[in-house]
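One letter stands for each residue in the lines below.
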Amino acid sequence: MPGVTPGKWVRIWQERLPDVPLALVPVEPGEAADLLRRGGADAGFLRLPVDRTDLSAIPLYTETTVVVCPKDHLVAAADEVTPEDISEDIVLHPLDDTLDWERPPGLPAFERPATTADAIELVAAGIGLLVVPQSLARLHHRRDLTYRTITGTPASQVALSWREDATTDLVEDFIGIVRGRTVNSSRGRQNAAAEPKGKRSEKGGGVGRRKEAGGGSSRTAAGRGSRATGGAAKGAGKGGKGTKGAQGGKSAKTPQRGKPRRRP
């Protein structure tokens, strides 16, 4: 979509997934959502609002709204203006306007320009002013024009969007890059899906190790010993020998006290 600069995210993608090509498709603002629905792109940057019936969208940032004017206009002398400051000026309203309002402030022109680019040409010709997101003012920069921040007007919000029924692993990877996830978190998701369950269980907690070392009998010994001495569970966990766990019970090899042995 015009005004969005995805260069940073594209570079990160190329570093993390060098074997997967990423193609950028420029589209007009009003065509981005339909392109996603037709499957012409896997994900896209567009401006809200968007119909989320079949599209998912993650808001990324809100753009600053500015008014574009000739360099010799009174607006250029201020650091910041309000709608009241341009109420007596003609303010152009292109058909591809990206701001969510019925009409901009100021006086309407006799005819609405077809595109923002056409409106910029009219501003340069002294026909009127134009209120747009700052990214579009930069995109259509001209030496004879400038822009100033304007308050009290709608602001454009940029979002990453994709088809809800086409959320593939690669789309998830791109979402992670745009949202600032580190390479470790991205790889962790892929490794978790590929790692065998048995391997993960071997790396698991102490219960799995006790089963492997001593089987069910060692757990039983630990259970019995725990009622008699505090060191029973530790002894059973070391191999299931039950030496310490048996301290609280009777043992056939331990002589009983109080009964003298008979001499042969």
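> For this particular structure, what's the right way to read the overall build of the chain?
A tally of helices and strands in the chain yields 9 helices and 8 strands. The buried share of the chain, taken over its 264 residues, is 34%. The contacts of the chain with a sequence gap of at least 6 include a subset with a gap of at least 24, amounting to 63%.

> Would you explain unusual backbone geometry in this entry?
In terms of backbone geometry, most residues other than glycine have negative phi values and most peptide bonds are trans. The residue after L48, namely P49, is reached through a cis peptide bond having omega 5°. Looking at the secondary structure, you find P49 in the loop between β1 (44-48) and β2 (55-62).

> Would you mind showing me how to read the environment of G126 here?
Tracing the backbone shows G126 in the loop between α3 (116-124) and β6 (129-133). As a C-alpha pair, G126 and I90 span 36 residues in sequence and 9.8 Å in three-dimensional space.

> Quick question: what am I supposed to make of the nonpolar core here?
One broad trend across soluble globular proteins is that nonpolar side chains are buried collectively. Among the nonpolar cores identified, the biggest contains 26 residues, and F45, L46, V50 and L160 are the most heavily contacted of them. Mapped onto this core, the elements with two or more residues apiece are α1 (7-16), α2 (32-37), β1, β2, β8 (157-163) and α5 (169-178). Ranked by residues supplied to this core, first place goes to α5 with 5 residues. If sequence neighbours within four positions are ignored, L46 has contacts with M1, A32, A33, L36, Q157, V158, A159 and S161. Within the second largest apolar cluster, 12 residues are counted, among which are V67, A76, L129 and V131.

> Just to check I follow, could you spell out the pattern of salt bridges for this structure?
Two side chains carrying opposite charge are able to pair once their charged atoms lie near each other. Under the criterion given, the structure shown has 6 salt bridges. R47 is the salt-bridge partner of E63, the closest N and O atoms lying 2.9 Å from each other. Residue E63 is located in the loop between β2 and β3 (65-70), and its partner R47 is located in strand β1; the two are separated by 16 residues in the primary sequence. With respect to burial, E63 and R47 carry one shared label: buried. Salt-bridge contacts for R142 lead to D144; the nearest nitrogen and oxygen are separated by 3.0 Å. Overall, R142 belongs to the partly exposed group, its relative accessible area being 27%. Owing to a relative accessible area of 34%, D144 belongs among the partly exposed residues under this scheme.

> Quick question: what am I supposed to make of α5 here?
Most of α5 is tucked away: 7 of the 10 residues are buried. Turning to α5, its buried residues are V171, D173, F174, I175, G176, I177 and V178. Downstream of α5 by a residue or two, G180 has a phi angle that is positive, lying close to 90°.

> Would you take a moment to explain the sheet that holds β8 for this structure?
The pairing of strands in a sheet comes from backbone hydrogen bonds and takes either a parallel or an antiparallel form. With antiparallel pairing, 3 strands are arranged side by side in an open sheet as β1-β8-β2. Strands with a single pairing partner mark the edges of an open sheet, and in this sheet they are β1 and β2. Sheet twist, expressed as the average angle between the axes of neighbouring strands with direction ignored, equals 35°. Here β2 pairs with β8 via 7 bridges, running antiparallel. In the sheet register, A57 faces β8, and the bridge partner there is S161. Relative to β8, α5 is tilted by about 165°, and along the sheet it contacts β1, β2 and β8.

> Explain the sheet that holds strand β7 (residues 145-150) here, please?
Ordered in space as β4-β7-β3-β6-β5, the 5 strands form an open sheet in which the pairing is mixed. Across the chains shown, the open sheet's two edge strands, defined by having one partner strand only, are β4 (80-81) and β5 (91-92). Looking at chain direction, β4 and β7 are connected through 2 bridges and run parallel. Bridge pairing links V81 to I150 in β7. Relative to the sheet, α3 contacts β3, β5, β6 and β7, its axis offset from that of β6 by approximately 140°.

The rules we used
- Residues numbered from 1 in each chain as written.
- Predicted model: local features only at pLDDT ≥ 70, side-chain atom pairs only at ≥ 80, totals over all residues.
- Heavy atoms only, no water.
- Helix = DSSP H or I, 4+ residues; strand = E, 2+ residues; numbered from the N terminus.
- Buried < 20%, exposed > 50% of the residue type's maximum accessible area, 1.4 Å probe, protein only.
- Contact = heavy atoms within 4.5 Å.
- Core = buried A, V, L, I, M, F, W, Y, C linked by side-chain atoms within 4.5 Å.
- Salt bridge = Lys/Arg side-chain N within 4 Å of Asp/Glu carboxyl O.
- Pairing = 2+ DSSP bridges.
- Axes fitted to C-alpha atoms, helices over the stretch in contact; angles between N-to-C directions.

Read these as geometric descriptors, not functional statements.
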